[in-house]
Each structure stands twice: as C-alpha cells, then as structure tokens.
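Architecture and fold: a report
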Amino acid sequence: MLFIGPHMSIAGGYAKAARDAAAIGATAFQFFSRNPRGSRFRKHDGEDEAAFQSLRRECGFGPLQAHAPYTLNLAASDERVYDFGKTVICEDVRRMDALKIEYLVLHPGSHTGAGTEAGAVRVASALAPALEGSGSITVLLETMAGGGTEIGASFAQLREIMDLTGHADRLGACMDLCHVYAAGYDVKNDLDGVLKRFDREIGLSRLKSVHLNDSMGALGSKRDRHAALGEGEIGMEAILNALEHPALRDLPFYTETPFDDEGHAQELATVRRLLAARAAGRGNQPSS
Ligand SMILES: [Zn+2]
Ligand SMILES: [Zn+2]
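Nothing here was measured: the structure is a model prediction, and the numbers come from that model. (Residues numbered from 1 in each chain as written. Chains lettered and ligands numbered in written order. Predicted model: local features only at pLDDT ≥ 70, side-chain atom pairs only at ≥ 80, totals over all residues.)

1. So, the overall build of the protein
Within the protein one finds nine helices and twelve strands. Compactness check: the protein gives a C-alpha radius of gyration of 18 Å against a globular reference of 19 Å for 288 residues, within 12% of the reference. Here the C-alpha coordinates of the protein stretch approximately 55 × 45 × 30 Å along the principal axes. By residue count, 46% of the 288 residues in the protein fall in the buried class. Excluding contacts between residues fewer than 6 apart, the proportion of contacts in the protein whose partners are at least 24 apart in sequence is 75%. (Helix = DSSP H or I, 4+ residues; strand = E, 2+ residues; numbered from the N terminus. Rg over C-alpha atoms; globule rule 2.2 N^0.38 Å. Buried ≥ 20, exposed ≤ 12 C-beta atoms within 10 Å, placed from the backbone. Contact = placed C-beta atoms within 7 Å.)

2. Quick word on the pairing of strand 4 (residues 103–106)
Here strand 4 shows a buried face lined by Y103 and V105 and a second buried face lined by L104 and L106. The pairing of strand 3 (residues 65–67) with strand 4 spans three bridges and is parallel. By the bridge assignment for strand 4, H67 is matched with V105. On the question of chirality, the crossover connecting strand 3 to the parallel strand 4 by way of helix 3 (residues 79–98) is right-handed. In this structure, strand 4 lies alongside strand 6 (residues 138–142), joined through four bridges in parallel fashion. (Pairing = 2+ DSSP bridges. Right-handed = clockwise from strand over helix to strand, strands pointing away.)

3. Some details on the nonpolar core
Burial of nonpolar side chains together is a common tendency in soluble globular proteins. Counting residues in hydrophobic clusters, the biggest one holds 84 residues, and the most contacted among them are I89, L104, L177 and V187. The greatest single-element share of this core, amounting to seven residues, is contributed by helix 4 (residues 116–131). Those residues within four positions of L104 in sequence are excluded, and the remaining contacts are S33, A66, A68, D92, V93, M96, I137, V139 and L140. (Core = buried A, V, L, I, M, F, W, Y, C linked by C-beta atoms within 7 Å.)

4. Observations concerning the pairing of strand 6
The element strand 6 is largely enclosed, with a buried count of four among its five residues. Alignment of strand 6 against strand 8 (residues 171–176), held across four bridges, turns out to be parallel. Across the sheet, the residue bridging to V139 is L171, located in strand 8.

5. Overview of the packing of helix 5 (residues 155–165) against helix 7 (residues 191–201)
At a closest axis distance of 9 Å, the pairing of helix 5 and helix 7 adopts a crossing angle of 25°. Judged by the inter-axis angle, helix 5 sits roughly parallel to helix 7. In this structure, helix 5 crosses over helix 7, and the sense of that crossing is right-handed. Between helix 5, through F155, A156 and R159, and helix 7, the contact on the second element is made entirely by R197, F198 and E201. In terms of residue class, the contact of helix 5 with helix 7 is built from three nonpolar, no polar and three charged. (Axes fitted to C-alpha atoms, helices over the stretch in contact; angles between N-to-C directions. Parallel < 35°, antiparallel > 145°, perpendicular 65-115°, else oblique. Left-handed = near helix turned anticlockwise from the far one by under 90°. Nonpolar A, V, L, I, M, F, W, Y, C, P; charged D, E, K, R; others polar.)

6. Regarding the packing of helix 8 (residues 236–244) against helix 9 (residues 261–281)
Two quantities define a packed helix pair, namely the angle between the axes and the distance from one axis to the other. For the pair helix 8 and helix 9, interaxial distance at closest approach is 11 Å and the crossing angle is 75°. Our classification of the angle between helix 8 and helix 9 gives roughly perpendicular. Counting all contacts with helix 8, which are made through M236, L240 and L243, the residues of helix 9 involved are V271, L274, L275 and R278. Of the residues assigned to the contact of helix 8 with helix 9, the class counts are six nonpolar, no polar and one charged.

Written out as structure tokens, the structure reads:
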C-alpha cells in the first residue's frame, strides 16, 4: 500500500480535511498543527474530532503528520522568540498526541548568528521538556535546505540534536527531497548513496516520513523553493525512484506542491499511473 497525500487545510475542521483528502485519492496527509504564520490553534471540538477519528478508520489512512508553524524557532538567540517556540512545541506535542496523530514535524530553526553548535544545543534543550512524559507521538526533525543561518541541513547535525535532547527514542526525521537536494545531497543521481549516508549518520530506522517535493533550486543551491513533481531540478524519474526505493516505499509521502485540491488529485493520479506503468514494464502488478 502506497501512503501518499498532500498538505491539507484544517480551516474547516479535521473531519473536513480527512474527507477532502480521501476525495482526491490521498491515503495519507499532512496539516499544520496551528496557524503556520501566527500562534492561534483550533479550539477543541469534540464532535469534529470524533468524526475525524471515524473517517480515519473508514478511509484506512496511513500515518498522518502535523507540521509545526514556521514562526517556531527553537534555535533563536532572542529569548522572546525562543520562549514562544518552547511553549508552542510543548502544547502541540500534547495536542497532536491527544488527536492520535502519528508524527509532528518541525524545522530545527535558525541560529541567527550564534553558530550551528550553539543553535543545536538550544534546539535540544527546548525539545527536551516537550518530549517528557508518556505520549505516543513521534517528533520529527526536518532535513533543511540550509539557507541563511538555518540549522539541520546536514544529517550529522540532526543526529547531534537528537542525541543532545536525551529523548532520542521519541525523535525521528522527515526527509524533504527538495531540501536535501538544495542542501547538496544528490537524491537525483545517487539516492542510494544519500540513503546509505543517512543510515550511517542518523540511522534509517529513524527516518519516518518523506516530504515529496521537487526543487526549483539546483543541487547545493540552499534554495527552499518547492516545484511540482517532475517540474523541478530533481525530475519525475528520480521522484519515482524515491517512491519505489526499499528504504522509503513503506513510509508515508507528503507532497507540499503548489496546487489546490484539484491539482493535487491530478498529481497523485499521475504518480500512481507512472508507478503502475513501471510495474507493468517489469511484468508485475503494482501493489496498490
Ligand atoms: Zn517543513
Ligand atoms: Zn521547503
């Protein structure tokens, strides 16, 4: 079973997001844990959440992923920004865990001049209290493109943050294809090599999900600009290779491509058709 779907809006509630995702052929999806550019979150709505849980079961979705807001910067040296981030991540780990969401992904942050080492220590100490307790949600650090003073553009750095938290068991990684490519990992021509390196530096057992994005920026450009699948520098062949790679194919794939629901439906259909054509070319039937 291929678990794939886009980033959905929860503006109309969680149940509507699940219904809309199923309607466009998604078997998994991502959404923002709260307003991505502010701090507000949806008020608890028991009826909507109950409807959401039964739709999840009915539709047979794979793992769902919440994305922390972009305003979060756990590497910030500014105390006000840092404290806001600590509060948000603690709240959202608990809120998303209560909603039984499998993964909460966040950008490690930008050190804004303090240096990557200092930034990594700050992220880890902000995450530690959020990871205490008995929740079952796994918090994922996203692989970043490395623009500006962004940290998390190297696998080694993500591993360092995980180790520093003291709660590595509750942490994993989400690999964004656009970001890793922009960071200089050649997932287009050497996906195998990149995944071997990930395995050495973080461990493939910690890779929990994939952001399936093509990249407008070139290899190593540090540009975080997503392109529609097949319309960027990575290209459709390499995207399909990622979907079929033994180390990735059982993970959930979330697209963050510039489309509305109709465009996402078409993109998902295209991916499925191309995967089926490949499978037919090999003389076997696709598994989904
Ligand atoms: Zn992200
Ligand atoms: Zn991005």
